[in-house]
Amino acid sequence: MPSTVASLSPRPVSVAIPVIALKKAPKTLSYRVTATTYWPEVGQTDDAPMETADGSIIPARHSSKTRWLAVSRDMLDKWGGPFHFGEKVRVSGISDALDGVYIIHDTMNRRHRHCVDVLVNERECKNGLEGLWSDIRLSKIAPEPVWEAS
């Protein structure tokens with residue numbers, strides 16, 4: 001009976017290391033802007049005041065608690081800015097009532113630069129939430145990591 005000897009020799013193995021590619025790295029995570037408030041009426045918006053630039057419809061019973069934000073065009077990625085529609089941002093430096101996390105749903109007229117507009121209702125503006133604030137901090141909120149099976 002012939003005897004066979006098996007030999008083991010090392011063989012090359014490749015290891016794949018996942019690389020996370022960023023579309024465009026932000027220059028900074030925090031921006032200084034000017035803030036104002038607005039409510040949806042034809043005088044302050046276009047001829048469809050309840051529809052935002054991203055196609056969302058403003059709820060009929062909206063208020064500052066709705067937490068929707070319009071940003072100037074220079075702040076949107078479509079025109080070279082760091083933000084995009086649907087992104088969550090933190091606004092701070094306006095007031096206790098208006099500081100907080102907002103979702104970008106709208107854009108401002110092209111004449112505005114480095115500005116944000118906070119959605120409120122007309123009654124709130126008449127009760128003291130109307131104004132113009134400078135040196136407001138607008139910060140990106142990092143997206144929450146999504147678990148993926150390997």
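Structure report, in brief.

Scanning all chains against the criterion turns up 2 salt bridges. Note that Arg32 and Asp135 form a salt bridge whose closest N and O atoms lie 3.7 Å from each other. You can see Arg32 sitting in strand S1 (residues 30–38) and its partner Asp135 sitting in strand S6 (residues 132–140), a full 103 residues away along the chain. Relative accessible area serves as the criterion here: at 42%, Arg32 is assigned to the partly exposed category. Where Glu87 meets Lys140, a salt bridge forms, and the shortest distance between an N and an O atom there is 3.1 Å.

Let's shift gears to the sheet that holds S1. Read around the barrel, 6 strands follow the order S1-S5-S2-S4-S3-S6 and close on themselves; strand pairing throughout is mixed. If you compare each strand with its neighbour and ignore which way they point, the axes differ by 45° on average. Strand direction decides the pairing type here: strand S2 (residues 68–71) and strand S4 (residues 100–107), joined by 4 bridges, are parallel. Bridging from a neighbouring strand, Val71 pairs with Thr107 of S4.

Mapped onto the secondary structure, Glu124 falls in helix H1 (residues 122–129). Once you skip the residues sitting within four places of it in the chain, Glu124 turns out to touch Ser63, Ser64 and Leu129. A polar side-chain atom of Glu124 sits 2.8 Å from a polar atom in the side chain of Ser64.

This paragraph deals with the side chain of Thr52. Topologically, Thr52 is positioned in the loop between S1 and S2. Given the relative accessible area of 5%, Thr52 is considered buried. Looking at Thr52, its side chain comes within polar contact range of the main-chain oxygen of His105, at 3.1 Å. The residues touching Thr52, leaving out its near neighbours within four places in the chain, are Ile58, Trp68, His105 and Asp106.

Before going further, it helps to examine the pairing of strand S5 (residues 115–119). Most of S5 sits inside the fold, with 5 of its 5 residues counted as buried. Of the two faces of S5, the one carrying Cys115, Asp117 and Leu119 and the one carrying Val116 and Val118 are both buried. Sheet topology note: the S2/S5 ladder contains 3 bridges and is antiparallel. Paired with Leu69 across the strands is Val118, a residue of S5.

Now for the side chain of Asn121. Inspection of the secondary structure assignment puts Asn121 in the loop between S5 and H1. Residue classification places Asn121 among the buried residues on the basis of a relative accessible area of 10%. A polar atom in the side chain of Asn121 sits 3.2 Å from the backbone oxygen of His62. Polar side-chain contacts of Asn121 include one of 3.2 Å to the backbone nitrogen of Arg123. With near-sequence residues (within four places) excluded, Asn121 lies in contact with Trp39, His62 and Ser63.

Thresholds, definitions, all that
- In this convention, every chain numbers its residues from 1, walking through the sequence in written order.
- The predicted nature of this model means local features are confined to residues of pLDDT at least 70 and side-chain atom pairs, given and counted, to a pLDDT of 80 or more, with totals for whole chains, interfaces and linings taken over all residues.
- With hydrogens and water stripped out, all remaining heavy atoms of the structure feed into the side-chain values.
- For salt bridges, the criterion is a side-chain nitrogen of Lys or Arg within 4 Å of an Asp or Glu carboxyl oxygen.
- Helix and strand labels come from DSSP, where a helix needs a run of H or I of at least four residues and a strand needs a run of E of at least two; each type is numbered from the N terminus.
- Classification of residues uses two cut-offs on accessible area relative to the type maximum, computed with a 1.4 Å probe and protein chains only: under 20% is buried, over 50% is exposed, and between them is partly exposed.
- What makes two strands pair is DSSP finding at least two bridges between them.
- Between N-to-C directions, angles span 0 to 180 degrees; the directions come from axes that are lines fitted to C-alpha atoms, helices contributing only their stretch in contact.
- Should any heavy atoms of two residues lie within 4.5 Å, those residues are counted as being in contact.
- Here a polar contact is recorded for every N or O atom pair within 3.5 Å, except that within protein the pair must consist of a potential hydrogen donor and a potential acceptor, and residues adjacent in sequence are included only if both atoms are side-chain atoms.

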